[in-house]
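In case you want the letters, here they are:
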Amino acid sequence: MTQPQSSSDRHDILTDAVFKPSKFFNTRPDNIDIDLLVIHCISLPEGEYGLPYIEDLFLGCLDCNQHASFADLVGLEVSAHFFIKRNGEIIQFVPMDLRAWHAGVSKFDGRSNCNDFSIGIELEGTDKSEFTQLQYQALVKTTGQIMRLYPKITPERIVGHSDIAPGRKTDPGIGFNWGHYKQQLAKELL
Ligand SMILES: [Zn+2]
C-alpha cells in the first residue's frame, strides 16, 4: 500500500493539522460509512506533557528504552487520525478515509471493530485530569470540519473510547468536559 505523500491532494487531510504520516493504517471495508467519532486521551510517560514520545509511538519510531513504563509499548502498533497537544497544536497521522488503529476491541450500537467506521482523536492528557481550553478550541474546530466532511457523524455519534470499550478503556476520563465540548460544538456548527 502506498503512503499518501502530500496533504494538498487529499480532501481528508485537514489543513489546520500538521500531517505526519503513520505507517499504522489500512483501508476501511468497502462501501463503509464513516459515522462515528471517538475521543481518546494519552500521555507518555503518564501525566507528562510536551514530550515527543506520543508522536514517536504513532509514527512507529518510539525508543521503548527511553522510560521504564514504555516496556509495555514494545511492538505496539497503534495510531489515531488526530492528536491534539496541550497547546492546541493538531497533528494528523492518518488520512480520514483510511483506517487508523485507535479503538481496538470495541463495539458501538451493536457493531464491533469501531476502527472500520470511526475517526479517532487523541487528546494529550490523562483520564483523571482536565484538558486545556486550547485543546477544546482545537477539538471543536476539528470536529466541525470532520462533521462537514462526514455528515453521518452527528453529535450523538461522538463518543469516548470508554463508551465503546467499557471495562477495558477509561479514556478520555473524568476530566473531559462533555457538556462544554458539546456546547461549544453546537456553536461551531451554527
Ligand atoms: Zn483510547
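Computed from a predicted structure; not experimentally measured. (Residues numbered from 1 in each chain as written. Predicted model: local features only at pLDDT ≥ 70, side-chain atom pairs only at ≥ 80, totals over all residues. Heavy atoms only, no water.)

**Remarks on the overall build of the chain**
A count of helices and strands for the chain gives four helices and ten strands. In the chain, the order of α-helices and β-strands from amino to carboxyl end is β-β-β-α-β-β-β-β-β-β-α-β-α-α. Seen through its C-alpha atoms, the chain measures out along the principal axes to roughly 45 × 40 × 35 Å. Evaluated residue by residue, the chain yields a buried proportion of 51% over its 190 residues. Nonlocal contacts in the chain, meaning residues at least 24 apart in sequence, comprise 71% of its contacts between residues at least 6 apart. Surface exposure of the chain reaches about 9200 Å², of which carbon and sulfur atoms provide 50%. Between the centroid of the 18 positive side chains of the chain and the centroid of its 25 negative side chains there is a distance of 4 Å. (Helix = DSSP H or I, 4+ residues; strand = E, 2+ residues; numbered from the N terminus. Buried < 20%, exposed > 50% of the residue type's maximum accessible area, 1.4 Å probe, protein only. Contact = heavy atoms within 4.5 Å. Areas by Shrake-Rupley, 256 points an atom, 1.4 Å probe, with all protein chains shown as cover. Lys, Arg positive; Asp, Glu negative; His and termini not counted. Charge placed at Lys NZ, Arg CZ, Asp CG, Glu CD.)

**Things to note about the coordination of the zinc ion**
The protein atoms that coordinate the zinc ion are His40 (ND1), His161 (ND1) and Asp171 (OD), at distances of 2.0 to 2.1 Å. For the zinc ion, all donor residues lie on one chain, and their spacing in sequence is H-x120-H-x9-D. Here histidine 40 is found in strand 3 (residues 36–42), whereas its partner histidine 161 is found in helix 3 (residues 161–164), with 121 residues between them in sequence. Under the relative-accessibility criterion, histidine 161 is labelled buried at 3%. (Donors = N, O, S within 2.8 Å, 3.2 Å for Na, K, Ca; no water.)

**Side note on the UniProt feature "domain: N-acetylmuramoyl-L-alanine amidase" (unreviewed entry) in the chain**
Following the UniProt record, the feature "domain: N-acetylmuramoyl-L-alanine amidase" (unreviewed entry) maps to residues 22–173 here. Annotation note: span residues 22–173, helix share 18%, strand share 22%, distance between end C-alpha atoms 26 Å. (UniProt positions renumbered as here; feature names shortened; annotations may be inferred.)

**Some details on the packing of aromatic side chains**
The geometry of an aromatic ring pair is captured by two quantities: the separation of the ring centres and the angle between the planes. All chains considered together, the criterion is met by eight aromatic pairs. Where phenylalanine 131 meets phenylalanine 176, the ring centres are 5.8 Å apart and the plane angle is 75°; that geometry is what we call edge-to-face. Taken as a pair, phenylalanine 131 in the loop between strand 9 (118–124) and helix 2 (133–149) and phenylalanine 176 in the loop between helix 3 and helix 4 (178–188) lie far apart in primary sequence, 45 residues in all. With respect to class, phenylalanine 131 is no different from phenylalanine 176; both count as buried. Lying across the ring of tyrosine 49, arginine 86 places its NZ or CZ 4.1 Å from the centre. In this structure, arginine 111 is placed above the aromatic ring of phenylalanine 117, and the distance from its NZ or CZ to the ring centre is 3.7 Å. (Phe/Tyr/Trp six-rings, centres within 6.5 Å; stacked < 30°, edge-to-face > 60°. Lys NZ or Arg CZ within 6 Å of the ring centre and 35° of its normal.)

**Focus: the pairing of strand 3**
Within strand 3, seven of the seven residues are buried, which leaves the element mostly enclosed by the surrounding structure. Here strand 3 shows no split at all, with Leu36, Val38, His40 and Ile42 on one side and Leu37, Ile39 and Cys41 on the other all buried. Note that strand 3 and strand 9 share seven bridges and pair parallel. Bridging from a neighbouring strand, isoleucine 39 pairs with isoleucine 121 of strand 9. (Pairing = 2+ DSSP bridges.)

**Considerations on helix 2**
Here helix 2 is 17 residues long and its end C-alpha atoms lie 24 Å apart, about the 24 Å a rise of 1.5 Å per residue gives. Among all positions of helix 2, only Gln135, Tyr136, Ala138, Leu139, Val140, Thr142, Thr143, Gly144, Ile146 and Met147 are buried. Looking at the buried positions of helix 2, the neighbouring elements they touch are strand 3, strand 4 (82–84), strand 5 (90–92), strand 9, strand 10 (158–160) and helix 4. (Expected span 1.5 Å × (residues − 1).)

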